[in-house]
Amino acid sequence: MARIDIDKPRWDQSTFIGRFKHFAFITDPRTIFSSMAELNAAKLLLEQYRSASEPPGTTEQQLWHAKQLYESSFHPDSGELQNVTGRMSFQVPGGMAITGFMLQFYKTNTAVVFWQWVNQSFNAFVNYTNRNAESELTTGKIAVAYVTATTSAILAALGTKKYLAKHPSPLLQRLVPFIAVLAANCVNVPLMRQSELESGILCTDDSGNKTVPSKVAAVKGISQVTLSRIVIAAPGMILCPVLMERMEKWRWMQRVKPLHAPIQVLIIGCFLVIMVPTGCGLFPQRNHISVQTLQRWEPEQYERLKEKYTGDVPQTLRFNKGL
């Protein structure tokens, strides 16, 4: 068997289709049921393969499965095992449950506040787990980001709910959770990764050698992650209320009102199975900025780069945008 480059994605990351397949591969929710022993065995197999000391008879299928388990469960920068709840592979089961209940229980202020709090707690944990490993977050910064995002979500939800209270259409009331999520995502992701905006993301050259930190790279990466999170949530949170508004008028649905919440959860799950890899694959994971951009917006870092490379400056700087 010809040796494969196990450190590169299985599919071409320069195309959206390749990125979609890659993220569908590593965000497969079935991987969250893998035991610690399976995850450590996968990590060991990849390490052995890199040093050409893998067990005799190791197949390509075994290597790709090990890579799937490793990349779905370990941080791409630090190599640390991630908490199950914070993994992107937990987005479908975790997101479908929380989003389904947010959309079902939206009529009272108490329900709105509770489910927005639950959702932002989940989002904050996911954002922290998938941050760039070079970023340093203090407990105080994490607390500020969490409180601010949760407050913004609750205020957006309650404000929108009050504004739409006089509107005769119940469908618009159902869109209150999405408006809150939209507002909170624009706050949660940047605040949870604020240290990157303050100090920059450490970039590398094409060979993977560390170069200089860049705030421009941080802005680009965080902006793309924020948009990706909105794209993941939007179809389910917009279309599911439309579907439920129609379905609840059906006679058999009126007889099974206790099942409305589970049905809504399942519908959201169907959307997320497609939208999680879609959102994650919108932009390349290993993103880049040009050295001209660095020179224009961060001249001091550009000078440091020139000193480091003594004239032979790389034209492209790469960085992990996070998830």
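Summary of the structure given here. (Residues numbered from 1 in each chain as written. Predicted model: local features only at pLDDT ≥ 70, side-chain atom pairs only at ≥ 80, totals over all residues. Heavy atoms only, no water.)

1. Considering the pairing of strand E3 (residues 286-290)
Here is step 1 of the chain: Of the two faces of E3, only one is covered, namely that formed by Asn287 and Ile289; the face formed by Arg286, His288 and Ser290 stays uncovered.
Here is step 2 of the chain: Here 5 bridges tie E3 to strand E4 (residues 316-320), and the two strands are oriented antiparallel to one another. When the sheet's bridge partners are listed, Ile289 is paired in E4 with Leu317. (Buried < 20%, exposed > 50% of the residue type's maximum accessible area, 1.4 Å probe, protein only. Helix = DSSP H or I, 4+ residues; strand = E, 2+ residues; numbered from the N terminus. Pairing = 2+ DSSP bridges.)

2. Some details on the pattern of salt bridges
Here is step 1 of the chain: If you walk through the whole model with that rule in mind, you get 8 salt bridges.
Here is step 2 of the chain: One salt bridge in this structure joins Asp206 and Arg318, with 2.7 Å as the shortest N-O distance. Here Asp206, found in the loop between strand E1 (201-204) and strand E2 (210-214), pairs with Arg318, found in strand E4; they are 112 residues apart in sequence, far enough to count as distant.
Here is step 3 of the chain: Overall, Asp206 belongs to the exposed group, its relative accessible area being 57%.
Here is step 4 of the chain: For Arg318, a relative accessible area of 28% gives the class partly exposed. (Salt bridge = Lys/Arg side-chain N within 4 Å of Asp/Glu carboxyl O.)

3. Quick word on the packing of aromatic side chains
Here is step 1 of the chain: Tallied over the full model, the rule gives 9 aromatic pairs.
Here is step 2 of the chain: Both rings, one in Trp11 and one in Phe25, keep their centres 5.4 Å apart while their planes meet at 75°; by these two values the pair is edge-to-face. Placement of the pair is Trp11 in the segment before helix H1 (16-26) and Phe25 in helix H1, with a sequence separation of 14 residues.
Here is step 3 of the chain: Among the residues examined, Trp11 registers a relative accessible area of 24% and is labelled partly exposed.
Here is step 4 of the chain: Taking the relative accessible area as the measure of exposure, Phe25 reaches 12% and is therefore buried.
Here is step 5 of the chain: Relative to Phe20, the ring of Phe16 has its centre 6.3 Å away and its plane inclined at 45°; by these criteria the two rings are tilted. Taken together, the residues span about one helical turn, with Phe16 and Phe20 both in helix H1 at a distance of 4 residues.
Here is step 6 of the chain: On the basis of relative accessibility, which here comes to 33%, the residue Phe16 falls in the partly exposed class.
Here is step 7 of the chain: Using a relative accessible area of 22% as the deciding quantity, one classes Phe20 as partly exposed.
Here is step 8 of the chain: Positioned above the aromatic ring of Tyr49 is the side chain of Arg3, whose terminal nitrogen or guanidinium carbon lies 4.0 Å from the ring centre. (Phe/Tyr/Trp six-rings, centres within 6.5 Å; stacked < 30°, edge-to-face > 60°. Lys NZ or Arg CZ within 6 Å of the ring centre and 35° of its normal.)

4. Examining helix H2 (residues 36-50)
Here is step 1 of the chain: With 15 residues, H2 should reach 21 Å at 1.5 Å per residue; the first-to-last C-alpha distance of 21 Å fits that figure.
Here is step 2 of the chain: Residues Leu39, Ala42, Leu45, Leu46 and Tyr49 constitute the buried set of H2. Considered in projection along H2, the buried side chains sweep an arc of 125° and stay on one side of the axis. (Expected span 1.5 Å × (residues − 1). Arc of directions from axis to C-beta.)

5. Quick notes on empty space enclosed by the protein
Here is step 1 of the chain: Tallying each qualifying case throughout the model produces 5 cavities of 30 Å³ or more.
Here is step 2 of the chain: Here the largest cavity defines a volume of roughly 190 Å³.
Here is step 3 of the chain: Along the walls of the largest cavity sit 15 residues, with Gln91, Thr99, Asn119, Asn123 and Ala233 positioned nearest its centre.
Here is step 4 of the chain: Listing elements by their share of the lining of the largest cavity, those giving two or more residues are helix H4 (91-104), helix H5 (109-129), helix H8 (176-192) and helix H10 (215-247).
Here is step 5 of the chain: Considering each element in turn, the lining of the largest cavity owes the most residues, 5 residues, to H4.
Here is step 6 of the chain: Classifying every residue of the lining of the largest cavity gives 8 nonpolar, 6 polar and 1 charged.
Here is step 7 of the chain: Roughly 50 Å³ of internal volume is contained in the second largest cavity.
Here is step 8 of the chain: In terms of lining, the second largest cavity is formed by Met102, Phe105, Tyr106, Ala111, Val112, Trp115, Gln116, Ala157, Val176 and Pro177.
Here is step 9 of the chain: Among the elements of the structure, H5 and H8 are those that each provide at least two residues to the lining of the second largest cavity.
Here is step 10 of the chain: The element contributing the most residues to the lining of the second largest cavity is H5, with 4 residues.
Here is step 11 of the chain: Of the residues assigned to the lining of the second largest cavity, the class counts are 9 nonpolar, 1 polar and no charged. (1 Å grid on protein atoms, 1.4 Å probe; cavity = no way out; pocket = protein on both sides within 12 Å on 5 of 7 lines; lining within 4 Å. Points joined across faces, edges and corners; volume = space filled by probe spheres on them. Nonpolar A, V, L, I, M, F, W, Y, C, P; charged D, E, K, R; others polar.)

6. Let's talk about the layout of surface pockets
Here is step 1 of the chain: As a volume, the largest pocket reaches approximately 1300 Å³.
Here is step 2 of the chain: Lining the largest pocket are 44 residues, with Asp7, Pro76, Asp77, Gln285 and Arg286 positioned closest to its centre.
Here is step 3 of the chain: Elements with a contribution of two residues or more to the lining of the largest pocket: H1, H2, helix H3 (60-73), E1, E3 and E4.
Here is step 4 of the chain: No other element matches the 4 residues that H3 contributes to the lining of the largest pocket.
Here is step 5 of the chain: Across the lining of the largest pocket, the residue classes break down as 14 nonpolar, 17 polar and 13 charged.
Here is step 6 of the chain: Roughly 260 Å³ of volume is contained in the second largest pocket.
Here is step 7 of the chain: Considering the residues around the second largest pocket, the lining is formed by Gln104, Phe105, Tyr106, Lys107, Thr108, Pro170, Gln173, Arg174, Glu245, Glu248, Lys249 and His260.
Here is step 8 of the chain: Top contributing element to the lining of the second largest pocket by residue count: helix H7 (residues 170-174), with 3 residues.
Here is step 9 of the chain: Tallied by class, the residues present in the lining of the second largest pocket amount to 3 nonpolar, 4 polar and 5 charged.

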